[in-house]
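# Structural characterization, general
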Amino acid sequence: MSLLITVPPNLVQSIRAFRVAELQDEAARLGQHFLYAHCHAGLTKQQVLGIIAESFHIPKPHAKNFDALRETLTDTMAKAGEQAGFLIVLEQLPNTQKFDREARECLLDVFRDAADFWAEKKVPFRVFYSFE
């Protein structure tokens, strides 16, 4: 039975009761890309984007701002060929003066836009996140 049986194929949600290792195993079982970023060390938007770029193995210029990250998660990945799906974990998104609630919501909106993009292509794109 799938760990994600009750989870829609394209969404952004809190990680809640899921464990990272179980999600990684499930992504492997489903043949999907597993992308993980532990963002706790980021204090600013640029640092958080840098952590995501490094963790996802994408060139930093492709994640220098929210628009560039959105482009990378959608069009750039789509141009790379057929995709089986994505399971993404953004752990410990910071709560700092320079990466506040508004910045976190803007970042999550980027991933929501990507989930919508991939939904149109019938490709699973699940994002789980947690806050510091």
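Our subject is the structure that appears above.
What you are looking at is a predicted structure, and each value in this text was computed from that prediction instead of being measured.

### Some details on unusual backbone geometry
Located in the positive-phi region is His57, a residue other than glycine, with phi close to 60°. Among the secondary structure elements, His57 is positioned in the loop between helix H2 (45–56) and helix H3 (66–79). When its relative accessible area of 72% is taken as the criterion, His57 is described as exposed.

### A short note on the sheet that holds strand S3 (residues 86–93)
Two modes of strand pairing occur in sheets, parallel and antiparallel, and in both the strands are linked by backbone hydrogen bonds. On the basis of which strands lie adjacent, the open sheet formed by 4 strands has the order S1-S4-S3-S2 and parallel pairing. Whereas interior strands pair on both sides, the edge strands pair on one side only; in this sheet they are strand S1 (10–14) and strand S2 (33–38). Taken pair by pair, the neighbouring strands of this sheet meet at an average axis angle of 10°, ignoring direction. Pairing geometry for S3 and strand S4 (residues 125–131), over 6 bridges, is parallel. When the sheet's bridge partners are listed, Val89 is paired in S4 with Phe128. Running over the sheet, helix H4 (residues 101–120) touches S1, S3 and S4 and is turned about 165° from S4.

### Details of the nonpolar core
Counting residues in hydrophobic clusters, the biggest one holds 34 residues, and the most contacted among them are Leu69, Leu90, Leu107 and Phe111. Among the elements of the structure, S2, H2, H3, S3, H4 and S4 are those that each provide at least two residues to this core. Among the elements that make up this core, the one with the highest residue count is H4 (9 residues). Among the nonpolar cores identified, the runner-up in size contains 10 residues, and Val7, Leu11, Leu23 and Val89 belong to it.

### Some remarks on H2
The end-to-end C-alpha separation of H2 is 16 Å, in line with the 16 Å expected for 12 residues at 1.5 Å each. Looking only at H2, the buried set comprises Val48, Leu49, Gly50, Ile51, Ile52, Ala53 and Phe56. Lining the buried residues of H2 we find S2, H3, S3 and H4. Two residues or fewer after H2 comes His57, characterised by a positive phi angle close to 60°.

### Remarks on H3
An α-helical segment advances 3.6 residues per turn. Residues three or four places apart therefore align on the same side. Taking 1.5 Å of rise per residue, 14 residues should cover 20 Å, and H3 covers 19 Å from first to last C-alpha, within 8% of that figure. Thr72 marks the point of greatest bend in H3, at about 40°. Listed in full, the buried residues belonging to H3 are Phe66, Ala68, Leu69, Thr72, Leu73, Thr74 and Met77. The N-cap of H3, judged by a side-chain oxygen 3.0 Å from the amide nitrogen of Asp67 a few residues on, is Asn65. The first or second residue beyond H3 is Gly81, which carries a positive phi of 125°.

Criteria and cut-off values
- Residues numbered from 1 in each chain as written.
- Predicted model: local features only at pLDDT ≥ 70, side-chain atom pairs only at ≥ 80, totals over all residues.
- Heavy atoms only, no water.
- Helix = DSSP H or I, 4+ residues; strand = E, 2+ residues; numbered from the N terminus.
- Buried < 20%, exposed > 50% of the residue type's maximum accessible area, 1.4 Å probe, protein only.
- Pairing = 2+ DSSP bridges.
- Axes fitted to C-alpha atoms, helices over the stretch in contact; angles between N-to-C directions.
- Contact = heavy atoms within 4.5 Å.
- Core = buried A, V, L, I, M, F, W, Y, C linked by side-chain atoms within 4.5 Å.
- Expected span 1.5 Å × (residues − 1).
- Bend = angle between axes of the 7 residues up to and from the residue.
- Polar contact = N/O pair within 3.5 Å; in protein donor to acceptor, adjacent residues only side chain to side chain.

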